[in-house]
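# Structural description and commentary
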Amino acid sequence: MEKKFLQRAIELAKESVETGGGPFGAVIVKNGEIVAEASNSVTKDNDPTAHAEVNCIRLACKKLNTFILEGCEIYASSEPCPMCLGAIYWAHLDKIYYAATREDAAWGGFDDDFIYKEIAVPYSDRKVPIINDLQEEGRQVFAVWRNKEDKIDY
């Protein structure tokens, strides 16, 4: 790990706070070079998914013209939330480095740990109700996908 990349993610987080964004920054690196860097822009963009890691993944994919970021690492100013962690896995990044922990984020007013815990709760007991219906109709779409000969797997 190169600490300079993690330090850059922290700098981006600080800059974000100073310019009206959330206190999060991320950097994606490939072969020792920064491919993309971003900060949190949830309030600036009115987009709850505009976390630093997601913004950075979007930029890196655009720059590298791919939706697979194998061979890349992500450096985040804070431990990725569950959404960002999912995005990191979907992007196939090789490694995650982070500075502040989810407990530090909770101390700062961002309770990502709540979502980590909520995932383990049965659907019937979650804060947001989850209802399964029309399963067969939904499953039929996957049958179409499975039989599609020119699909791009991901």
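The following refers to the structure shown. (Residues numbered from 1 in each chain as written. Predicted model: local features only at pLDDT ≥ 70, side-chain atom pairs only at ≥ 80, totals over all residues. Heavy atoms only, no water.)

### Topic: the pairing of strand β3 (residues 72-78)
Counting buried residues along β3, six of its seven residues qualify, which places the element largely inside the surrounding structure. In this structure, strand β1 (residues 25-30) lies alongside β3, joined through five bridges in antiparallel fashion. Bridge pairing links Ala-26 to Ala-76 in β3. Relative to strand β4 (residues 95-100), β3 runs parallel, the two sharing five bridges. What sits directly across from Ser-78, in β4, is Ala-100. With respect to chirality, the unit in which β3 leads through helix α4 (residues 82-91) into the neighbouring parallel β4 is right-handed. (Buried < 20%, exposed > 50% of the residue type's maximum accessible area, 1.4 Å probe, protein only. Helix = DSSP H or I, 4+ residues; strand = E, 2+ residues; numbered from the N terminus. Pairing = 2+ DSSP bridges. Right-handed = clockwise from strand over helix to strand, strands pointing away.)

### Regarding the packing of helix α3 (residues 52-64) against α4
At a minimum axis separation of 8 Å, α3 and α4 run at an interaxial angle of 25°. For the element pair α3 / α4, the angle class is roughly parallel. In this structure, the crossing between α3 and α4 has a hand that is left-handed. Listed contacts from α4 to Glu-53, Val-54 and Ile-57 of α3 are Met-83, Cys-84, Ala-87, Ile-88 and Ala-91. Residue classes in the contact of α3 with α4 are distributed as seven nonpolar, no polar and one charged. (Axes fitted to C-alpha atoms, helices over the stretch in contact; angles between N-to-C directions. Parallel < 35°, antiparallel > 145°, perpendicular 65-115°, else oblique. Left-handed = near helix turned anticlockwise from the far one by under 90°. Contact = heavy atoms within 4.5 Å. Nonpolar A, V, L, I, M, F, W, Y, C, P; charged D, E, K, R; others polar.)

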